[in-house]
Amino acid sequence: MRGKDNIRTAAEILVDQLRVNGVRHVFCVPGESYLAVLDAFHGSDLAVTVCRQEGGAAMMAEAAGKATGRPGVCFVTRGPGATNASPGIHIARQDSSPLVVFVGQVARDMREREAFQELDYRAVFGSMTKWATEIDDPARIPEIVSRAFHTAANGRPGPVVVSLPEDMLTEHVAVDDAPPYTAIDTSPGAAEMAKLAQLLGAARAPILILGGSRWSQEASDALARFAEKFALPVCTTFRRLHLFDALHPCYAGDLGIGPNPKLAERIKTADLVVLIGGRMGELPSQSYTLFNIPRPQMTFVHVHPGAEELGRVYNAHLPVHATPTAFIAALERFDIPGAPRGDAKAAHSDYLAWTEKPTEQPGGVNLGAVMVWLRENLPADAILCNGAGNYAAWIHRFFRFRRFGQHVAPTSGSMGYGVPAAVAMKRLYPERPVVCIAGDGDFLMNGQEFATAVQYGLSLVVVIADNGIYGTIRMHQEREYPGRIVATDLRNPDFAAYARAFGGFGVSVERTADFPAAFKEAQACGKPAIVRLAIDPEAITPATTLTKIRAKSLAEKGK
Ligand SMILES: Cc1ncc(C[n+]2csc(CCOP(=O)(O)OP(=O)(O)O)c2C)c(N)n1
Ligand SMILES: [Mg+2]
């Protein structure tokens, strides 16, 4: 690309700078606002995934960031392209995932006239991102891209939006590439580790809670060794189940929506909580009821990579500004002395009992049994993706995640995430089995990206739990306004035929016993596949039915 005299177009400089920063994949929907960048992709070795909607593209890039810890990258056009991308940006924010979104912009000499599709991206994305900016001077592209990557990936990771005026992209300048960004690990100091050793020494009922980003398989393994030494129960927060091996003898379960009551009790009665990496937001904290705010009732250690998170909600007895990876490395380095002092064994057997067998459910297909089959039949390197809906409760409860990165799902509870995330995972890791579990409502929020899977020949499997309702909302509706059903019934397409119409494989399953054969066929067909499950809407959670919720609510309201 580079001509004599080191002169390149701004778009070429930008694409070169992505490559310098280790980017291999970009996800995009094209737009005339950044044609010059598209042209620079043409001669590069970047793998470009063209998507059907910017929400899908941004979620794919976010999923890539979440899975690799390196910023995912997407390109979208101005105005409607940018606003369509906002769900992915919001997920990156809430989930602390590194993401850099490049957005087309009108030419510099037209700005402020509300030109065609013009938006002020600093204003629109200012409160949702870690940084939103616009590049006016092509000579500053290496500097600004370098800052965008550092900002997205370091501290508490998150989204960055960079707007690119159309006329700027075609200017020619001579400028050197900036070096690649550095992932900066923040380590705890010796004084903090000494204090931790003291707190552990004094504890009678300690527990570890894992969450957030900036983890690795090595960190998870090292933490398992540490937990074993002290017999510490370890639980994971909402949609962070992949941070710890579910079959490790210290694993105590998932602290998400509707956790094992025994786990909730264990946390409430703990005298030392060590929260590593997470924010302990609304969902894992059970609507901020588990711990007193600002000062938790038990001794509370909070390890977080973002300094601004420490003391924001919880005023910890020991705040530790560190990435989970560096903190866990320090646990090994300081080799804290001590004897077992937790009740990991009891906690793990409570977990096993809670997740062992599917619960009884009305209807032909038992989603719990499907999850148990998947956990027993998928290899350890399989990746599960999902969005939001009650169907996910069966994943959280019954699928036992064994490895880091095995679960890619939004802690932000965004519907429509599973299909794009699965597309991204299969693009990044073509050799690994990728399964998306979706609800019927959830699937159709970004089901169009099934076309992207077909276009790139990605043999992923989408399992749709089709109960004909926006089940989560129906559940809340029956609890709060029993019998008054509004806007929660769905008339669905034939999902198996949908898959076939797109050029994939589709099958519908009416009975649990037929699932294994259907799933195996879907996996073996070599095409993107949809396995649609006929789920009884009554089976609203693993523990109860819609009728029971309605009856209970009516009784409470005295009707
Ligand atoms: C983007 C987005 N829109 C709306 C919601 C609110 N919401 C949460 S769950 C849900 C229904 C999910 O329905 P479905 O995917 O069919 O799963 P089910 O609950 O029926 O298992 C809705 C509308 C949301 N979380 N995200
Ligand atoms: Mg549904």
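Described in the following lines is the structure provided in the data block. (Residues numbered from 1 in each chain as written. Chains lettered and ligands numbered in written order. Predicted model: local features only at pLDDT ≥ 70, side-chain atom pairs only at ≥ 80, totals over all residues. Heavy atoms only, no water.)

Here the focus is the coordination of the magnesium ion (ligand 2). Asp-440 (OD), Asn-467 (OD1) and Ile-469 (O) make up the full set of protein donors to the magnesium ion (ligand 2), lying at 2.0 to 2.2 Å. Spacing between the donor residues of the magnesium ion (ligand 2) along their common chain follows D-x26-N-x1-I. A residue pair is termed long-range when its members are at least 10 positions apart, and Asp-440 in helix α16 (residues 440-446) and Ile-469 in the loop between β18 (461-466) and α18 (471-480) qualify at 29 residues. On the basis of relative accessibility, which here comes to 4%, the residue Ile-469 falls in the buried class. (Donors = N, O, S within 2.8 Å, 3.2 Å for Na, K, Ca; no water. Helix = DSSP H or I, 4+ residues; strand = E, 2+ residues; numbered from the N terminus. Buried < 20%, exposed > 50% of the residue type's maximum accessible area, 1.4 Å probe, protein only.)

Attention now goes to the sheet that holds strand β4 (residues 72-76). A sheet is described by the order of its strands in space; here six strands give the open sequence β3-β2-β4-β5-β7-β6, paired in parallel fashion. On the outer flanks of this sheet lie β3 (47-50) and β6 (131-134), each paired with one strand and no other. The average angle at which neighbouring strand axes cross in this sheet is 20°, direction not considered. In this structure, β4 lies alongside strand β5 (residues 99-105), joined through five bridges in parallel fashion. Its bridge partner being in β5, Val-76 is matched across the sheet by Val-103. Docked against the sheet, helix α1 (residues 10-20) engages β2 (25-28), β4, β5 and β7 (159-165), running at close to 160° with respect to β4. (Pairing = 2+ DSSP bridges. Axes fitted to C-alpha atoms, helices over the stretch in contact; angles between N-to-C directions. Contact = heavy atoms within 4.5 Å.)

Attention shifts here to helix α15 (residues 418-428). Taken across its eleven residues, α15 has ten buried, putting it largely inside the fold. When α15 is considered as a whole, its buried residues turn out to be Gly-418, Val-419, Pro-420, Ala-421, Ala-422, Val-423, Ala-424, Met-425, Lys-426 and Arg-427.

This part is about the site of ligand 1. Lining the immediate environment of ligand 1, one finds 17 residues, of which Asn-390, Gly-413, Asp-440, Asp-442 and Gly-471 sit closest. Between ligand 1 and Met-415 there is a distance of 3.3 Å, counted from a nitrogen atom to a backbone nitrogen or oxygen. A distance of 2.9 Å is found between an oxygen atom of ligand 1 and a side-chain nitrogen or oxygen belonging to Asn-467. When ligand 1 sits alone it has 590 Å² of accessible area, and the protein chains cover 76% of it. Broken down by secondary-structure element, the contributors of at least two residues to the shell around ligand 1 are α16 and α18. Ranked by residues supplied to the shell around ligand 1, first place goes to α16 with four residues. Looking at the shell around ligand 1 residue by residue, the classes come out as seven nonpolar, eight polar and two charged. (Near = heavy atom within 4 Å. Polar contact = N/O pair within 3.5 Å; in protein donor to acceptor, adjacent residues only side chain to side chain. Areas by Shrake-Rupley, 256 points an atom, 1.4 Å probe, with all protein chains shown as cover. Nonpolar A, V, L, I, M, F, W, Y, C, P; charged D, E, K, R; others polar.)

A few words now on the sheet that holds strand β15 (residues 383-386). Taken in spatial order, the six strands of this open sheet run β16-β15-β17-β18-β20-β19, and their pairing is parallel. Strands with a single pairing partner mark the edges of an open sheet, and in this sheet they are β16 (407-408) and β19 (505-509). Alignment of β18 against strand β20 (residues 529-534), held across six bridges, turns out to be parallel. Bridging across to β20, Val-463 finds its partner in Val-531. Contacts between helix α20 (residues 515-524) and the sheet are confined to β17 (434-439), β18, β19 and β20, with β20 contributing the most and set at about 165° to the helix.

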